[in-house]
There are 2 protein chains.
Amino acid sequence: MIDPVVLKGFRDSLPKDEIPKKRIIRKLEDVFSSFGFVPIDTPVLEYTEVLLGKGGGETDKQIFRFKDNGGRDVAMRFDLTVPFARFMAAHHDDVGVPFRRYHISKVWRGENPQKGRYREFIQCDFDIVGADNAISDAEILSLMHTSFATLGIEHYTFHISHRGLFSLFLSSLDLGDKSIEVLRTVDKLRKIGEEEVKNLLTGITGSEDKAESILSYITAGEGRSFMETLEELEKLSGGESDPSRRMREIYSILSDLGIEKSFVFDPSITRGLDYYTGIVYETFLDDLPSIGSVCSGGRYNDLASLYMKEKTPGVGSSIGLDRLLAALEELKSPLLCDTAAADVLVVPKAGMESEAMKTARELRENGLNVSVYLNPEAKMKKIYAAAESGNIPYLLTFNDADISVKDLRTRETFSYSEALEKIVKDRKN
Amino acid sequence: MIDPVVLKGFRDSLPKDEIPKKRIIRKLEDVFSSFGFVPIDTPVLEYTEVLLGKGGGETDKQIFRFKDNGGRDVAMRFDLTVPFARFMAAHHDDVGVPFRRYHISKVWRGENPQKGRYREFIQCDFDIVGADNAISDAEILSLMHTSFATLGIEHYTFHISHRGLFSLFLSSLDLGDKSIEVLRTVDKLRKIGEEEVKNLLTGITGSEDKAESILSYITAGEGRSFMETLEELEKLSGGESDPSRRMREIYSILSDLGIEKSFVFDPSITRGLDYYTGIVYETFLDDLPSIGSVCSGGRYNDLASLYMKEKTPGVGSSIGLDRLLAALEELKSPLLCDTAAADVLVVPKAGMESEAMKTARELRENGLNVSVYLNPEAKMKKIYAAAESGNIPYLLTFNDADISVKDLRTRETFSYSEALEKIVKDRKN
């Protein structure tokens, strides 16, 4: 016998998890499609050089990398951004720009699994490439807003900032050459707190004054409205600028759309990565702040520089689907509650199997999901257990020519036609 | 610069391919759900031993196998059956039996890519486990029938046979110990023809008479109805038997359901694999016989014997989704035609971006997919090109306060309210 175990950091998805996951993915796909975003897919395996760049990551323990049977150095994708960059370089002319794509798929990282983190997980990315303007930024933010609303999450806040504005501010302090270190330190604010960030910044900048200036910049949003914060940061960064004008334009569109209340200007948001150049954002669930950001991203001025000369500016977001699912579970989202394998369990009588299958077909033609119990010899106890383990609410049985349908939650019994009407109505709600 | 190439045997999926692929997968998922089948997922990577069995496949060049960073011998799944067997052994008690699952996902094989064959491809498997009776067999066959009907394929034929019946026949010829070799040879009938099969069988059985007997068994379906074939095979296999009774029961249910005309009894169908024990079947598209079977499977009496002592009988099918998609393309299926990125392309006027976004939102609230053109400075020529490359049928433009909508296929122009009604109606058809 071989032990039927999965690898450390990997897991099976049982129907009770997979049914709601698929439902949520469909909802997101429908929202993305309604905004004109189109799906793409890319190979799970790519040349390591394509994923990591030349020379890069020789010692990267985080990825699943190996030599294939043809001796090629290959790796499993660790995110969906790098394959998208490669995709755009390969298919730029086929897809045309501005191009909006979404991609919901698995990625793999060999990092040590912690609570709630796995080596195989699902990313959900959506980007607009080939346009650098306020309407594109606002479109991504508006799509994020619609996505969370569609998932039935009531309270969420998008924390936005602008990398370019922060860079202007750092230049005014003569810290332009230290911006990456500063950004990465600021990015830790939520984790390590103000005092520790200040200490680190003093070390980096060599000046307690400068550290304090940075701290007052990144905390400028506290107690201020979006526009007040913007004005304060304009002052700190040397007056009106392209980045501050962009933020004003974006906020104006969000206000016209009436969704501005979900957005706060939070200059402590920097995102660790080098490659953002414009707006950056994270998304927090007000009722579950501890789980961290469930949707993050920002604007970059060149997606595919590794693979092509032409610049591909864009703005994009990534939803960590596993984290979002965990959040929805904690929030007791109705989207996760319905894990029924079917609406009705039809129990055939031995020798009358065809009758059962015909009845099932008729119910399906009315839009219902119907499971035929496939062991006509079973005792009722086993049948009830099957309905329960599949969370199936209705049981249909035959008594000679008569059909009776039982609601297993209320124990009420109905005739076939009563039941059909009721279940179809149940399902529409 | 790094060349943005994909690995040999792999490919990107562009929106024009990915949109219809997702549509077809959703349709199949909806059919499976309507039959009470539930989705599961399993890891892409597993222990090699779990996938190949102990000792097995040391030299198997067909799979992507490597040592991970922790030194584990791992491999990417090469089908969805083996992971399902492992899944059932691990979760038998959680899911309960009879259990119906579907799994639509990618698998990987390192074989040399040929026309229409790739190293990364999508399998679509559905199985019923934990029941061994005619109603389960008929349920799978009925689900296959409904699936193909739902995909709008008009002419398809399921070729079924019964492994147990063939075994009885072979035993009657004293060939019980050679059955695997015989089955594999018979499986080649379509490829190499009767004459060559007869030669090979003569070699295997050591008797031209026996080879001829086998040939008359496997061709007994020619020119005969399902029931006539069954009777003939009963005669050849020594009279009525459990397998022949099972086939009669199945056919009786299919007839009661009125779908028996899509099924032919074809005793040349054996499926190469050892592990089938009951019905076996392949599915051919009558208008495209050359592409081979698009949905195959059968009954096995023990799915998970590698991992558990308890027997798990079942019956299951696998659709080769890439082959099916190629077939639908050749059949000019309407399911593949609609590759529109959106129903409407809304073109903002510079300075009126919010108006465009509000109009887009209103259209979305009517169930439409709407793309906002994200470069308000662009010339009309570029905008038309964008609509064309996204296959978007309607163009909405602003002229001061007026909105006009153009059907790009007919060049007709509509007012906003006329257009909204028309597009919503278009979409419902």
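Residues numbered from 1 in each chain as written. Chains lettered and ligands numbered in written order. Predicted model: local features only at pLDDT ≥ 70, side-chain atom pairs only at ≥ 80, totals over all residues.

Thoughts on the overall build of chain A
Item 1. In terms of regular secondary structure, chain A is built from 15 helices and 16 strands.
Item 2. Viewed in the frame of its principal axes, chain A has a C-alpha envelope of about 90 × 55 × 45 Å.
Item 3. The proportion of buried residues among the 429 residues of chain A is 47%.
Item 4. Contacts in chain A between residues at least 24 apart in sequence constitute 68% of all its contacts with a sequence separation of at least 6. (Helix = DSSP H or I, 4+ residues; strand = E, 2+ residues; numbered from the N terminus. Buried ≥ 20, exposed ≤ 12 C-beta atoms within 10 Å, placed from the backbone. Contact = placed C-beta atoms within 7 Å.)

Remarks on the relation of the copies chain B and chain A
Item 1. Here chain B sits on chain A after a turn of 180 degrees about the axis and a move of 0.0 Å along it, with an RMSD of 0.0 Å. When the rotation and shift are considered jointly, the pair of chain copies conforms to a two-fold rotation axis. Minimal C-alpha distance to the rotation axis in chain B is attained by B:Phe66, lying at 3.1 Å.
Item 2. Same-surface contact between copies: 100% of interface residues of chain B are shared with the interface of chain A. (Least-squares fit on C-alpha atoms with pLDDT ≥ 70 in both.)

Quick word on the domain arrangement of chain A
Item 1. The domain boundaries assigned to chain A delineate domain 1 (15-336) and domain 2 (342-428).
Item 2. Between the C-alpha centres of domain 1 of chain A and domain 2 of chain A the distance comes to 48 Å. (Domains from an automatic or database assignment.)

Comments concerning the interface of chain B and chain A
Item 1. Taken together, the contact between chain B and chain A spans 79 residues of the former and 79 residues of the latter.
Item 2. Take the side of chain B that touches chain A: its biggest share by element is 7 residues, from helix α3 (residues 81-95) of chain B.
Item 3. The class makeup of the residues in the side of chain B that touches chain A is 43 nonpolar, 17 polar and 19 charged. (Nonpolar A, V, L, I, M, F, W, Y, C, P; charged D, E, K, R; others polar.)

Some details on the packing of helix α1 (residues 15-34) of chain A against helix α4 (residues 134-150) of chain A
All names here are of chain A.
Item 1. Running from N to C, α1 and α4 point in directions that differ by 145 degrees, and their axes come no closer than 10 Å. Helix-helix and strand crossings are classified by hand; for α1 and α4 the assignment is right-handed. Note on element contacts: α4 touches α1 through Thr 146, Ser 147 and Thr 150, opposite Lys 27, Leu 28 and Val 31.
Item 2. Classifying every residue of the contact of α1 with α4 by side-chain character gives 2 nonpolar, 3 polar and 1 charged. (Axes fitted to C-alpha atoms, helices over the stretch in contact; angles between N-to-C directions. Left-handed = near helix turned anticlockwise from the far one by under 90°.)

Structural notes on the sheet that holds strand β12 (residues 344-347) of chain B
Residues and elements named next belong to chain B.
Item 1. The strand order across the open sheet built from 5 strands is β13-β12-β14-β15-β16, with neighbouring strands paired in mixed fashion. Strands with a single pairing partner mark the edges of an open sheet, and in this sheet they are β13 (370-372) and β16 (413-415). Pairwise comparison of adjacent strand axes, ignoring direction, gives a mean angle of 25 degrees for this sheet.
Item 2. Note: β12 against strand β14 (residues 394-399), 4 bridges, orientation parallel. In the strand pairing of β14, Leu 345 is matched with Leu 395.
Item 3. Relative to the sheet, helix α15 (residues 416-428) contacts β12, β14, β15 (402-407) and β16, its axis offset from that of β16 by approximately 105 degrees. (Pairing = 2+ DSSP bridges.)

Re helix α7 (residues 189-205) of chain B
An α-helix turns once per 3.6 residues; consequently, residues spaced three or four apart project the same way.
Residues and elements named next belong to chain B.
Item 1. For α7, built from 17 residues, the straight-helix expectation of 24 Å at 1.5 Å per residue is missed by more than 12%, its first-to-last C-alpha distance being only 17 Å.
Item 2. Approximately 75 degrees is the largest bend angle found in α7, and it occurs at Glu 195.
Item 3. Among the residues of α7, Val 197, Leu 201 and Thr 205 are the ones counted as buried.
Item 4. Where α7 is buried, its residues meet α6 (179-186) and α8 (208-218).
Item 5. Once α7 finishes, Gly 206 follows within two positions and takes phi at roughly 70 degrees, a positive value. (Expected span 1.5 Å × (residues − 1). Bend = angle between axes of the 7 residues up to and from the residue.)

Re helix α13 (residues 353-365) of chain B
All names here are of chain B.
Item 1. Here α13 spans 19 Å end to end across 13 residues, near enough to the 18 Å set by a 1.5 Å rise per residue.
Item 2. Of all the residues in α13, the buried ones are Glu 353, Ala 356, Met 357, Thr 359, Ala 360, Leu 363 and Arg 364. All buried residues of α13 fall inside an arc of 160 degrees around its axis, so they share one side. (Arc of directions from axis to C-beta.)

A few points about the environment of A:Asp125
Residues and elements named next belong to chain A.
Item 1. Mapping Asp 125 onto the fold places it in strand β6 (residues 120-129).
Item 2. Sequence separation between Asp 125 and Gly 320 is 195 residues, and the spatial gap between their C-alpha atoms is 8.8 Å.
Item 3. Ignoring any residue separated from it by four or fewer positions in sequence, one finds Asp 125 in contact with Leu 80, Thr 81, Phe 84, Tyr 102, His 103, Gly 316 and Ser 318.

As for the confidence of the model for chain A
Item 1. For chain A, the mean per-residue pLDDT works out to 93, and 98% of the residues sit at or above 70.
Item 2. Under the prediction, the complex receives an ipTM of 0.95, its pTM being 0.95. (pLDDT = per-residue confidence, 0-100.)

Structural notes on the environment of B:Ser305
Item 1. With respect to the secondary-structure elements, B:Ser305 resides in the loop between β10 (295-300) and β11 (314-320).
Item 2. Sequence separation of B:Ser305 and B:Arg86 is 219 residues, and the distance between their C-alpha atoms is 9.4 Å.

What about the pairing of β12(B)?
All names here are of chain B.
Item 1. Taking every second residue as pointing to the same face, both faces of β12 are buried, with Val 344 and Val 346 on one and Leu 345 and Val 347 on the other.
Item 2. Here 3 bridges tie β12 to β13, and the two strands are oriented parallel to one another. Within the sheet, the bridge partner assigned to Leu 345 lies in β13 and is Ser 371.
Item 3. Of the crossover connections in this fold, the one passing from β12 over α13 to the parallel β13 is right-handed. (Right-handed = clockwise from strand over helix to strand, strands pointing away.)

Brief notes about unusual backbone geometry
All names here are of chain A.
Item 1. Here the amide bond leading from Val 97 into Pro 98 is cis, since omega sits at -5 degrees, within 30 degrees of zero.
Item 2. Locating Pro 98 in the fold gives a position in the loop between α3 (81-95) and β5 (99-108).
Item 3. Positive phi, close to 60 degrees, is recorded for Asp 174, a residue that is not glycine.
Item 4. Here Asp 174 lies in the loop between α5 (163-172) and α6 (179-186).

Comments concerning the nonpolar core
Item 1. Of all hydrophobic cores here, the largest spans 252 residues; its most connected members are A:Val344, A:Leu345, A:Val346, B:Val344, B:Leu345 and B:Val346.
Item 2. Discounting chain neighbours no more than four positions away, the residues touching A:Val344 are A:Leu363, A:Leu368, A:Val370, A:Ile392, A:Tyr394, A:Leu396 and A:Ile423. (Core = buried A, V, L, I, M, F, W, Y, C linked by C-beta atoms within 7 Å.)

Focus: the packing of helix α9 (residues 226-236) of chain A against helix α10 (residues 242-256) of chain A
All names here are of chain A.
Item 1. The geometry of α9 relative to α10 is characterised by a closest axis approach of 10 Å and an angle of 170 degrees between their N-to-C directions. The orientation of α9 relative to α10 falls into the category roughly antiparallel. Counted together, Phe 226, Met 227, Leu 230 and Glu 234 of α9 and Ser 244, Met 247, Arg 248 and Tyr 251 of α10 form the full contact between these two elements.
Item 2. Taken together, the residues of the contact of α9 with α10 break down into 5 nonpolar, 1 polar and 2 charged. (Parallel < 35°, antiparallel > 145°, perpendicular 65-115°, else oblique.)

Digging into the sheet that holds strand β4 (residues 73-76) of chain B
Residue and element names in this part refer to chain B.
Item 1. Pairing is antiparallel in the open sheet, where 3 strands are placed in the order β2-β4-β3. A single partner strand is all that each edge strand has here, and the edge strands are β2 (45-47) and β3 (65-67). Neighbouring strand axes in the sheet, compared pairwise and without regard to direction, differ in orientation by 35 degrees on average.
Item 2. Here 3 bridges tie β2 to β4, and the two strands are oriented antiparallel to one another. Directly across from Tyr 47, in β4, lies its bridge partner Val 74.

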